[in-house]
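One-letter residues, chain by chain:
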Amino acid sequence: MRPHLVKSILVAGAALAVLAACGTGSGERTSEARGTEAAVPAPSEKKPVEGLPGMPPVLDPEDVYAADRPNRLSPVVEDFPSRVYVPNTESDTVTVIDPKTYEVTETIRVGRQPQHVVPSWDLKTLWVNNNRGHTLTPIDPRTGKAGKEVEVHDPYNLYFTPNGRYAVVMASLDRQLVFRDPHTMEVRKTVPVSCYGVNHADFSLDGRYFIVSCEFSGELLKVDTEKMEVVGQQRLPFQGAMPQDVKVSPDGKKFYVADMMAHGMWVLDGDRFGKPTLMPTGKGCHGLYVSRDSREMYVTNRGEGTISVFDFTQDRLTKKWQLPDGGSPDMGGVSADGKVLWLSGRYDAEVYAVDTRTGIQLARIPVGSGPHGLAVYPQPGRYSLGHTGVFR
């Protein structure tokens, strides 16, 4: 989140995605990268999902991440060079890293306090959220060149509706959700909210609603996507709660909300929007990232320099990886092949590359001050829902 908050980490899974692997202990994992197939073979018949009007059809009603398999790049991005883009909030720059060599290839000057690098819905543009500069800087991922800044007030984070109709700016300090044209960023509707610090979100399987975290008041919102209206609001049952990243389960039945003060994930039925339960993960729970085979989720514990691994099938945490010499893993993404989890070191001016098969740190790369919402690009998927790369 912002410079003074805790950290987030991402990791992509390891282990063959075959039915026989379900329930296998971590010691029995194969050395092969996870995610070569779907976690569970598709049933012969599945009821079609009636999605948000205009949204691309759901590929698998039991796996919202079915389009994110290893190296399954859209034709739009398949020729883009693979890079890691790191916004440095205190340096007002974006560090560009070649993931093959772990070398910094370029440093791009952007606006004041860049928070996240966000892939556009159509996959053609990377938007740098210059929060205190009140602008978005577009980067062409084909050339790596920055374009002319676009004026957008308080762009702490940025999402896109599943049908591509709107960009949704998380105006944290303005206490607004601002629906904008996804290309020009002209305002289409402003939705005031009564909570403080809107920051992260994720959409339901059918795209008809999304859950938003409010970090400064410890609350969650439920928003009707088509109506662009808040339809539910609740305070988390923990004194001093500070919710961060949000992710929906592959089957769409649960939402997970990282909380860096409760030191774990809240588990919530999104449809019912009832009382959530807390699953402890580690100090400063911050970022949530799903593996390429949809079997696991990598949870960054920014306050203790660890990454917890959650198994969706077993519905439990199965592993915890410790970064050598500590660190502050914050936000990031998984490589296109699913083998490497890239994370920013929020308070250490560095980036971590972690092997998703073993949890071993592959590289530790110095960057600017206050690295935050790092984006690995390109990644598999048909379209982007925003943040540092939520693809479907």
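These remarks concern the structure in this document. (Residues numbered from 1 in each chain as written. Predicted model: local features only at pLDDT ≥ 70, side-chain atom pairs only at ≥ 80, totals over all residues. Heavy atoms only, no water.)

Observations regarding the environment of glycine 368
Alright, step 1. Inspection of the secondary structure puts glycine 368 in the loop between β28 (361-366) and β29 (375-377).
Alright, step 2. Glycine 368 gets classed as buried once you look at its relative accessible area, which sits at 15%.
Alright, step 3. C-alpha separation for the pair glycine 368 and threonine 95, spaced 273 residues apart in sequence, amounts to 7.1 Å.
Alright, step 4. When residues no more than four places from it in sequence are discounted, the contact partners of glycine 368 are Asn88, Ser91, Thr95 and Ala349. (Helix = DSSP H or I, 4+ residues; strand = E, 2+ residues; numbered from the N terminus. Buried < 20%, exposed > 50% of the residue type's maximum accessible area, 1.4 Å probe, protein only. Contact = heavy atoms within 4.5 Å.)

A few points about the pattern of salt bridges
Alright, step 1. Across all of its chains, the model carries 17 salt bridges by this definition.
Alright, step 2. Taking the shortest distance from any N to any O, the salt bridge between glutamate 186 and arginine 188 comes out at 3.6 Å.
Alright, step 3. With a relative accessible area of 45%, glutamate 186 lands in the partly exposed category.
Alright, step 4. For arginine 188, a relative accessible area of 44% puts it in the partly exposed group.
Alright, step 5. Several salt bridges share partner residues, and in doing so they unite Asp181, Glu186 and Arg188 into one network. (Salt bridge = Lys/Arg side-chain N within 4 Å of Asp/Glu carboxyl O.)

What about the side chain of threonine 225?
Alright, step 1. Of note, threonine 225 is situated in the loop between β15 (219-224) and β16 (229-235).
Alright, step 2. Of the residues examined, threonine 225 reaches a relative accessible area of 2% and is grouped as buried.
Alright, step 3. Reaching out from threonine 225, the side chain makes a polar contact with the backbone oxygen of glycine 207 at a distance of 2.9 Å.
Alright, step 4. Ignoring anything within four residues of it in the chain, the contact list for threonine 225 reads Leu52, Thr161, Pro162, Phe179, Phe203, Gly207, Arg208, Tyr209 and Phe210. (Polar contact = N/O pair within 3.5 Å; in protein donor to acceptor, adjacent residues only side chain to side chain.)

Quick notes on the pairing of β16
Where a strand is regular, its side chains alternate between the two sheet faces.
Alright, step 1. The pairing of β15 with β16 spans six bridges and is classified as antiparallel. Its bridge partner being in β16, leucine 220 is matched across the sheet by glutamine 234.
Alright, step 2. What sits between the antiparallel neighbours β15 and β16 is a turn of four residues, in which methionine 228 has the positive phi angle 55°. (Pairing = 2+ DSSP bridges.)

Observations concerning the packing of aromatic side chains
Alright, step 1. Scanning the model with the defined rule gives eleven aromatic pairs in all.
Alright, step 2. A ring pair is formed by tyrosine 209 and phenylalanine 255, whose centres lie 5.9 Å apart and whose planes are at 40°; its orientation type is tilted. Placement of tyrosine 209 in strand β14 (residues 209-214) and of phenylalanine 255 in strand β18 (residues 255-259) is noted, with a sequence separation of 46 residues between them. Across the pair, phenylalanine 255 and tyrosine 209 agree in class, each one buried.
Alright, step 3. On the numbers, 5.9 Å between centres and 65° between planes, the contact of tyrosine 256 with phenylalanine 312 is edge-to-face. (Phe/Tyr/Trp six-rings, centres within 6.5 Å; stacked < 30°, edge-to-face > 60°.)

Quick notes on a nonpolar patch on the surface
Alright, step 1. Taken together, Leu173, Tyr196 and Phe216 make up a surface patch of nonpolar side chains, about 290 Å² in accessible area.
Alright, step 2. With respect to the helices and strands, leucine 173 occurs in the loop between β10 (167-171) and β11 (176-180). (Patch = residues over 30% accessible without salt bridge, like charges linked within 9 Å, V, L, I, M, F, W, Y side chains within 5 Å. Areas by Shrake-Rupley, 256 points an atom, 1.4 Å probe, with all protein chains shown as cover.)

Details of the sheet that holds strand β9 (residues 157-160)
Picture the strands of a sheet paired through backbone hydrogen bonds; they go either parallel or antiparallel.
Alright, step 1. Judged by pairing direction, the sheet is antiparallel, and its four strands sit side by side in the order β9-β10-β11-β12 without closing on themselves. The open sheet is flanked by β9 and β12 (187-192), the only strands paired with a single partner. Across the sheet, the axes of successive neighbouring strands diverge by a mean angle of 20°, strand direction being ignored.
Alright, step 2. Bridge count for β10 against β11 is five bridges, and the pairing is antiparallel. Along β11, the bridge assignment pairs alanine 167 with arginine 180. (Axes fitted to C-alpha atoms, helices over the stretch in contact; angles between N-to-C directions.)

A word on unusual backbone geometry
Alright, step 1. Between tyrosine 377 and the following residue, proline 378, the backbone shows a cis peptide bond with an omega angle of 0°.
Alright, step 2. Topologically, proline 378 is positioned in the segment after β29.
Alright, step 3. We note that aspartate 154 has phi near 50°; this positive angle belongs to a residue other than glycine.
Alright, step 4. Locating aspartate 154 in the fold gives a position in the loop between β8 (150-151) and β9.
Alright, step 5. Even without glycine at this site, aspartate 325 takes up a positive phi of about 65°.
Alright, step 6. Residue placement: aspartate 325 occurs in the loop between β24 (316-322) and β25 (329-334).

A short note on the nonpolar core
Alright, step 1. Membership of the largest hydrophobic core comes to 28 residues, with the highest contact counts inside it found for Ile211, Tyr256, Met265, Leu288, Met297 and Phe310.
Alright, step 2. Among residues more than four places away in sequence, those in contact with methionine 297 are Lys247, Tyr256, Met265, Leu288, Tyr289, Val290, Ser308, Val309, Phe310 and Phe312.
Alright, step 3. Formed by 23 residues, the second largest nonpolar core is a distinct cluster that contains Val168, Val193, Met228 and Tyr383. (Core = buried A, V, L, I, M, F, W, Y, C linked by side-chain atoms within 4.5 Å.)

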